[in-house]
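Residues per chain, in single letters:
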Amino acid sequence: MSHPRSAVVLLSGGLDSATALAMARADGYVCHALSVAYGQRHSAELDASVKVARRLGAASHRLIQVNLDLIGGSALTDHRIAVPEGQAPDAAIGGNSIPVTYVPARNTLFLSLALGLAEVEGAEAIYIGVNAVDYSGYPDCRPAFIAAFENVAQLATRVGVEGGRLRIETPLIALSKAEIIHRGAALGVDFAETVSCYQADADGQACGRCDSCRLRREGFAAAGIADPTRYAAV
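Residues numbered from 1 in each chain as written. Predicted model: local features only at pLDDT ≥ 70, side-chain atom pairs only at ≥ 80, totals over all residues. Heavy atoms only, no water.

(A) Highlighting the environment of Ala-232. With respect to the helices, strands and loops of the structure, Ala-232 is situated in the segment after α7 (211-223). Those residues in contact with Ala-232, other than ones at most four positions away along the chain, are Asp-201, Gln-205 and Ala-206. (Helix = DSSP H or I, 4+ residues; strand = E, 2+ residues; numbered from the N terminus. Contact = heavy atoms within 4.5 Å.)

(B) Summary view of the packing of helix α6 (residues 177-186) against α7. Contact pair α6 / α7: the axes reach a minimum separation of 8 Å and the direction vectors enclose 70 degrees. In terms of orientation, α6 lies roughly perpendicular with respect to α7. Judged by the twist between their axes, the crossing of α6 over α7 is right-handed. Packed against α6, whose contacting residues are Lys-177, Ala-178, Ile-181 and His-182, the element α7 presents Leu-215, Arg-216, Gly-219, Phe-220, Ala-222 and Ala-223 at the interface. (Axes fitted to C-alpha atoms, helices over the stretch in contact; angles between N-to-C directions. Parallel < 35°, antiparallel > 145°, perpendicular 65-115°, else oblique. Left-handed = near helix turned anticlockwise from the far one by under 90°.)

(C) Main features of the environment of His-182. On the secondary structure map, His-182 appears in helix α6. His-182 gets classed as partly exposed once you look at its relative accessible area, which sits at 42%. Among residues more than four places away in sequence, those in contact with His-182 are Ala-223 and Ile-225. A distance of 3.1 Å separates a polar atom in the side chain of His-182 from the backbone oxygen of Ala-223. (Buried < 20%, exposed > 50% of the residue type's maximum accessible area, 1.4 Å probe, protein only. Polar contact = N/O pair within 3.5 Å; in protein donor to acceptor, adjacent residues only side chain to side chain.)

(D) Broad picture of unusual backbone geometry. The phi dihedral of Ala-105 falls on the positive side, at around 65 degrees, and the residue is not glycine. Relative to the assigned elements, Ala-105 resides in the loop between β3 (60-65) and α3 (106-121). A relative accessible area of 42% places Ala-105 in the partly exposed class.

(E) Spotlight on the packing of aromatic side chains. Enumeration over the complete set of coordinates arrives at five aromatic pairs. Between Tyr-29 and Tyr-127, the aromatic rings sit 5.7 Å apart at their centres with planes inclined by 70 degrees, giving edge-to-face as the arrangement. Residue Tyr-29 is located in the loop between α1 (15-26) and β2 (30-37), and its partner Tyr-127 is located in strand β4 (residues 125-127); the two are separated by 98 residues in the primary sequence. On the accessibility criterion, Tyr-127 (2% relative accessible area) is buried. (Phe/Tyr/Trp six-rings, centres within 6.5 Å; stacked < 30°, edge-to-face > 60°.)

(F) A look at the nonpolar core. Judged by nonpolar contacts, the single largest core of 42 residues is most densely connected at Val-8, Leu-111, Ile-126, Ile-146 and Ile-168. The set of elements that each furnish at least two residues to this core consists of β1 (6-10), β2, α2 (44-55), α3 and α4 (143-156). For this core, the element with the most residues is α3, which contributes six residues. Counting 27 residues, the second-largest nonpolar core is a separate cluster that includes Leu-15, Leu-56, Ala-125 and Ile-180. (Core = buried A, V, L, I, M, F, W, Y, C linked by side-chain atoms within 4.5 Å.)

(G) Highlighting the sheet that holds β1. With parallel pairing, the five strands of this open sheet are ordered in space as β3-β2-β1-β4-β5. Edge positions in the open sheet fall to β3 and β5 (167-169), since each of these has one partner strand only. Each strand axis lies, on average, 25 degrees off the axis of its neighbour in the sheet, ignoring direction. Two strands pair when backbone bridges link them, and β4 and β5 are joined in this way by three bridges, in the parallel orientation. Its bridge partner being in β5, Tyr-127 is matched across the sheet by Glu-169. α2 rests against β2 and β3 of the sheet, and its axis sits at about 170 degrees to β2. (Pairing = 2+ DSSP bridges.)

(H) Summary view of α1. Along its 12 residues, α1 runs 17 Å from first to last C-alpha, staying within 8% of the 16 Å computed at 1.5 Å per residue. By the criterion of burial, α1 is predominantly enclosed, with 10 of the 12 residues buried. Taken residue by residue, α1 has Leu-15, Asp-16, Ser-17, Ala-18, Thr-19, Ala-20, Leu-21, Ala-22, Met-23 and Ala-24 as its buried positions. Tucked into the core, α1 has its buried residues touching β1, β2, α2, β4, α6 and α7. Gly-28 lies just past α1 and shows a positive phi near 95 degrees. (Expected span 1.5 Å × (residues − 1).)

The following block contains the structure:
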């Protein structure tokens, strides 16, 4: 008797990761969702991940806590660094080409945690909603990084040593935000349940001013789909 294929899906609770989960399910995988509380500015996105995992039929959903705020170095984990508002997505501090919202080693950490869970669950794939179109300034969203990590997975796991292969799937990596929204909508993602804002309030309302809010709003406009985001009163 054959067993169903399974995958680990990194689920932040945002628009992109929700779509990645829906796509993994559509690909025929039993999905084990994994969310990480890494010391980010708010918990609204993590709260959203619970709703998204339930709606999209994840077989399990785990939340792991790692305090990257103890390292800092990012506007998303260090309250002393302001979140840019009304700037281009590659805006950075001090002329650096890497955005100040980049969290050092975040995707490396996330994929490592997902790799451990994949080994335990016997998963064939890890899905991560990285995108190299809207946020190409993030070094850990590039195809070269994903390929390198897949090689690490091959070398550092029991399944790799025994001749198997665990794939890192990035179905959104070359899509525009509008294309991601179209894919998600077609697969039943309720975008009203997702939170993308870098500085959402305790009720999950978006600021409407940060780069993530701007890209999300522009994505819905380009897709021709009404934006269901709840914005805080200005």
